[in-house]
Amino acid sequence: MNCEECGRLDSSIRFSVFTYVMSFLIVTTREVRSGIHCRACRDGVRNRCNLASVTLGWWGIPWGPFYTIKSLVSNSKADADLIEVNADLLVDVADQLLKEDNDSEAERALEASLELRDDSGVRQLLLQLRGEAILNSPPEAPTVREVESEISLIEPGIASLSPGDSVIPALDDVQLRSSPNETGEVVGAMGAVGTVLSRPRSGWVEVRAQHGASGWTLLEALEKPTRSVSS
């Protein structure tokens, strides 16, 4: 939940994915750096990845220049395609900030979540935090903790996975789909390790595979590694 670089916890926290390119004559490799960072550290990671690409990415034939430019463009919007992930993450950040009695920053985190995705439950939490009356709503809106407790009763283990967690397949040939259901188009295979992009919903979770593909798979098809892995 805190920034992986500096440990800061505030409303600028986001999950983002950066890439960088390294080339050696006829060999060009693309690497991924993902994680949860505050604004300052996110800019630092982006700058380091871009510097690596600009310095070492061009020198591969024929793909070095192409992938270097693609990486620089992708890094300029590293969290722009992760709206759902970061909307959920900011609610978790707000919950943690409230536990630390930092109400003003928790309010900013909820506002940032609503800017990414409109959600009636988050609006109610924000109104409660501001001490405003909630019109046309139940007498007591659920807190983040209560919502998570209710979900965990429906989907055991759901609270144990958060954006940024590493996961490995629990079954053979785990496939990734374009949407959280069996009718979603298969977009790729999970591979040996992946990174959780969003909080689980209805038994499904969005994952980015080590090779770069991302999609939805069943929660029961994944498990947490028993030791640290690099995704």
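Residues numbered from 1 in each chain as written. Predicted model: local features only at pLDDT ≥ 70, side-chain atom pairs only at ≥ 80, totals over all residues. Heavy atoms only, no water.

## Brief notes about the overall build of the protein chain
The line we're drawing: Strands are runs of DSSP state E lasting at least 2 residues, helices are runs of H or I lasting at least 4, and numbering of each runs from the N terminus. The contact rule is simple, with two residues in contact once any of their heavy atoms fall within 4.5 Å.
From N to C terminus, the protein chain includes six helices and nine strands. Of all intrachain contacts in the protein chain linking residues separated by at least 6 positions in sequence, the fraction that spans at least 24 positions is 57%.

## Overview of the confidence of the model for the protein chain
Let me state the cut-off plainly: Every residue carries a pLDDT, the predictor's confidence in it, which falls somewhere between 0 and 100.
Within the protein chain, residue pLDDT values average 82, and 85% of them lie at 70 or more. Counted against residues more than four places away or in other chains, residues 133-137, with its pLDDT under 50, gives five contacts.

## Regarding the nonpolar core
Let me state the cut-off plainly: Here, nonpolar core means buried Ala, Val, Leu, Ile, Met, Phe, Trp, Tyr and Cys residues that are tied together by side-chain atoms lying within 4.5 Å of each other. Here the term buried applies to any residue with accessible area under 20% of the maximum for its type, exposed to any over 50%, and partly exposed to those in between, with areas from a 1.4 Å probe on protein chains only.
Ranked by size, the top nonpolar core spans 24 residues in total, and within it Ile13, Phe15 and Val93 carry the most contacts. With seven residues, helix H3 (residues 83-99) is the single largest residue contributor to this core. Sequence-distant contacts of Phe15, that is, excluding residues within four places in its chain, are made with Ser34, Gly35, Ile36, Asp79, Leu82, Val85, Asn86, Leu89, Gly164, Thr195, Val196 and Leu197. If you look at the next biggest cluster of nonpolar residues, it comprises 12 residues, including Val167, Leu176, Val205 and Ala221.

## As for the environment of Leu56
One can find Leu56 in helix H1 (residues 39-56). The spacing of Leu56 and Thr68 is 12 residues in sequence and 8.9 Å in space, taken between C-alpha atoms. Those residues in contact with Leu56, other than ones at most four positions away along the chain, are Val21, Met22 and Ser23.

## A word on the packing of helix H4 (residues 103-116) against helix H5 (residues 120-130)
To keep things clear, this is the line we draw: Each axis is a line fitted through C-alpha atoms, taken for helices only over the stretch in contact, and angles between the N-to-C directions span 0 to 180 degrees. Any angle that falls under 35 degrees is termed roughly parallel, while one over 145 is termed roughly antiparallel, one within 65 to 115 roughly perpendicular, and all others oblique. Each helix crossing is assigned a hand: it is left-handed if the near helix lies turned anticlockwise from the far helix by less than a right angle, otherwise right-handed if that turn is clockwise. Amino acid classes used here: Ala, Val, Leu, Ile, Met, Phe, Trp, Tyr, Cys and Pro are nonpolar; Asp, Glu, Lys and Arg are charged; the rest, including Gly, are polar.
Relative to each other, H4 and H5 sit at 155°, their axes nearing to 10 Å. Classed by the angle they form, the pair H4 and H5 counts as roughly antiparallel. Pair H4 / H5 crosses with left-handed handedness. Of the residues in H5, those in contact with Asp103, Ala106, Glu107, Leu110, Glu111, Ser113 and Leu114 of H4 are Val122, Arg123, Leu125, Leu126, Leu129 and Arg130. Considering only residue class, the contact of H4 with H5 consists of seven nonpolar, one polar and five charged.

## Quick notes on H3
For the record, the criterion: The span you would expect from a helix comes to 1.5 Å times its residue count less one.
Here H3 contains 17 residues, and its C-alpha end-to-end distance of 25 Å stays within 8% of the 24 Å for a straight helix at 1.5 Å per residue. Counting buried residues along H3, 12 of its 17 residues qualify, which places the element largely inside the surrounding structure. Turning to H3, its buried residues are Val85, Asn86, Ala87, Asp88, Leu89, Leu90, Val91, Asp92, Val93, Ala94, Asp95 and Leu97. At the exit of H3 stands Asp101, carrying a positive phi of roughly 60°.

## Examining H5
Heads up, the rule is: We call two N or O atoms a polar contact when they sit within 3.5 Å, provided that within protein one can donate a hydrogen and the other can accept it, with sequence-adjacent residues counted only if both atoms are side-chain atoms.
All of the buried residues in H5 are Val122, Gln124, Leu125 and Leu126. Put simply, Asp119 is the residue that caps the front of H5, since its side-chain oxygen is 2.9 Å from the backbone nitrogen of Gly121.

## Section: the side chain of Ser71
Mapped onto the secondary structure, Ser71 falls in helix H2 (residues 64-75). Side-chain polar atoms of Ser71 contact the side chain of Thr19, separated by 2.8 Å. Those residues within four positions of Ser71 in sequence are excluded, and the remaining contacts are Thr19, Tyr20, Val21 and Ser53.

## Some details on the packing of aromatic side chains
Rules: Note on aromatic contacts: the rings of Phe and Tyr and the six-membered ring of Trp form a pair at centre separations within 6.5 Å, being stacked when their planes are under 30 degrees apart, edge-to-face when over 60 apart, and tilted otherwise. In our convention, an over-ring charge means Lys NZ or Arg CZ found within 6 Å of a ring centre and within 35 degrees of that ring's normal.
Applying the stated criterion across every chain, the model contains three aromatic pairs. Between the aromatic rings of Phe66 and Tyr67, the centroid separation amounts to 5.2 Å while the plane-to-plane angle is 65°, which identifies the pairing as edge-to-face. Connected via pairs of aromatic rings, a cluster forms that spans Trp63, Phe66 and Tyr67. The cationic tip of Arg30 hangs over the ring face of Tyr67; the distance from NZ or CZ to the ring centre is 4.0 Å.

## Here's the deal with unusual backbone geometry
Backbone torsion omega between Ile61 and Pro62 reads 5°, so that peptide bond is classified as cis. Considering the arrangement of structural elements, one finds Pro62 in the loop between H1 and H2. The backbone phi angle of Asp101 is positive, close to 60°, even though this residue is not glycine.

## Here's the deal with the packing of H1 against H2
Helix packing for two helices is described by the angle between their axes and how far apart those axes are. Where H1 contacts H2, the two axes come as close as 10 Å, and the packing angle between them is 170°. Taken together, the axes of H1 and H2 lie roughly antiparallel to each other. On H2, the residues that touch Arg46, Cys49, Asn50, Ser53 and Val54 of H1 are Thr68, Ser71, Leu72 and Asn75. Taken together, the residues of the contact of H1 with H2 break down into three nonpolar, five polar and one charged.

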